[in-house]
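In case you want the letters, here they are:
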Amino acid sequence: MKLACGIVLVLLAAAPAMAQVTLSDSDLLSALDEARFPAADVNVLRIRIASSTPDAMREAEILLRFGQVGGQDVARIEFLAPTEMAGQIYLSTPNGTYFYGPDLASPIKTSATAEVFGDAAVAQTSGIRFLSEYTIAARRTVQATDGADLLELDLVAVDYTVAFQAITVRVDPVTLRPASATLFAVSGLPFYDVIYRNYVTRENGDVYVSVQEIANRLFLGRVTTSEILEATAAELPAVLFDPEALGSSG
């Protein structure tokens, strides 16, 4: 009788993990996004970025703003510091990624893989949404360095407009919080390792990643850490995300 009760207790304890691992692909990707990003009521983030190399350490502060134009997601990255970079802007729009600086007459079209600061690319800084940009090619169980089981997913980009064509993400199977990810270049070579260092909980119970670390696989010793200092909501006019409104063209 005691043995039977013990088996039931073990099964009950494991049930949440088993149920979550067997979620549909879309539900699982949605859960990973919900774990990493603040809820939709937050559309302004103030972020500190620290770039460390074997030779130097630099810091910057940016304002990241989100919105929707024509039902599609847009983002604006604007530098607050250091002084020499203040006013530089990256816009992520459905029509492409744009860069603008105070010394430019009009914005320049660039790439979502363009480096914003250190090894933090536009796509990583504005946030890589798994649900809208990837499908799951494979699932498996792996062990973390501490021996804990992790769910490992191979993600494949939905098309060639996505900044990183493949990602392998490792997830806590119970909380569905990503622990780390490897981002791959178009060639298939691993480009960056991302570690989700810290999750925080807002007063309303909303959870999001507040600190993430990006390690460059090609240049050892290069590490970029971003930390969300403030998460707020504001009324954001669509013109903030319009590249034609930047510079003398606006």
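The preceding data block contains the structure.
Keep in mind the model is a prediction, meaning the values are calculated, not measured. (Residues numbered from 1 in each chain as written. Predicted model: local features only at pLDDT ≥ 70, side-chain atom pairs only at ≥ 80, totals over all residues. Heavy atoms only, no water.)

For the rest of this paragraph, the subject is the overall build of the protein chain. Secondary structure summary: the protein chain contains 4 helices and 15 strands in total. Its C-alpha atoms give the protein chain a radius of gyration of 20 Å, within 12% of the compact-globule value 18 Å for 250 residues. With the principal axes as the frame, the protein chain shows a C-alpha extent of 80 × 40 × 35 Å. Counting only contacts in the protein chain whose residues sit at least 6 apart along the sequence, the fraction spanning at least 24 positions is 44%. (Helix = DSSP H or I, 4+ residues; strand = E, 2+ residues; numbered from the N terminus. Rg over C-alpha atoms; globule rule 2.2 N^0.38 Å. Contact = heavy atoms within 4.5 Å.)

Time to look at the nonpolar core. In this structure, Ile 128, Phe 130, Tyr 134, Leu 153, Leu 155, Ile 167 and Val 169 are the most contacted members of the largest nonpolar core, which totals 30 residues. When contributions to this core are tallied by element, the ones reaching two or more residues are α2 (25-36), β9 (134-143), β10 (149-157), β11 (166-171), β12 (178-184), β13 (190-201) and β14 (207-216). With 5 residues, the single largest contributor to this core is α2. With sequence-adjacent residues up to four places away left out, Leu 153 is seen in contact with Leu 28, Leu 32, Ile 136, Ala 138, Arg 139, Ile 167, Thr 168, Val 169 and Val 171. Counting 20 residues, the second largest nonpolar core, distinct from the first, contains Ile 49, Ile 62, Val 122 and Ile 228. (Core = buried A, V, L, I, M, F, W, Y, C linked by side-chain atoms within 4.5 Å. Buried < 20%, exposed > 50% of the residue type's maximum accessible area, 1.4 Å probe, protein only.)

A few words now on the pairing of β9. Both β9 and β10 contribute to a ladder of 9 bridges, which runs antiparallel. Its bridge partner lying in β10, Thr 135 is registered against Val 156. Between β9 and β10, which follow one another and run antiparallel, lie 5 residues, and Gly 147 among them has a positive phi close to 95°. (Pairing = 2+ DSSP bridges.)

A word on empty space enclosed by the protein. By the definition in use, this model includes 1 cavity of 30 Å³ or more. Looking at the largest cavity, its volume works out to about 400 Å³. If you trace the largest cavity, you find 30 residues lining it, with Phe 37, Gln 124, Thr 125, Gly 127 and Gln 212 closest to the centre. Residue composition of the lining of the largest cavity, grouped by class: 19 nonpolar, 9 polar and 2 charged. (1 Å grid on protein atoms, 1.4 Å probe; cavity = no way out; pocket = protein on both sides within 12 Å on 5 of 7 lines; lining within 4 Å. Points joined across faces, edges and corners; volume = space filled by probe spheres on them. Nonpolar A, V, L, I, M, F, W, Y, C, P; charged D, E, K, R; others polar.)

In this structure the tally under the stated criterion is 16 salt bridges. For Arg 197, the salt bridge is made with Glu 213, and the minimal N-O distance between the two is 3.2 Å. Taken together, the residues span a long stretch of sequence, with Arg 197 in strand β13 and Glu 213 in strand β14 at a distance of 16 residues. What emerges from the salt-bridge pattern is a single network uniting Arg 140, Glu 152, Asp 154 and Arg 170. (Salt bridge = Lys/Arg side-chain N within 4 Å of Asp/Glu carboxyl O.)

With that settled, the discussion passes to the packing of aromatic side chains. The description of two aromatic rings rests on the distance between their centres and on the angle between their planes. Under the definition given, this model contains 5 aromatic pairs. Taken together, a centroid distance of 6.1 Å and an interplanar angle of 80° make the contact between Phe 164 and Tyr 192 edge-to-face. On the criterion of sequence distance, the pair formed by Phe 164 in the loop between β10 and β11 and Tyr 192 in strand β13 is long-range, its members being 28 residues apart. The ring of Phe 37 is capped by Arg 129, whose NZ or CZ atom sits 3.7 Å from the centre of that ring. The aromatic ring of Tyr 199 is capped on one face by Arg 177, whose charged end is 5.2 Å from the ring centroid. (Phe/Tyr/Trp six-rings, centres within 6.5 Å; stacked < 30°, edge-to-face > 60°. Lys NZ or Arg CZ within 6 Å of the ring centre and 35° of its normal.)

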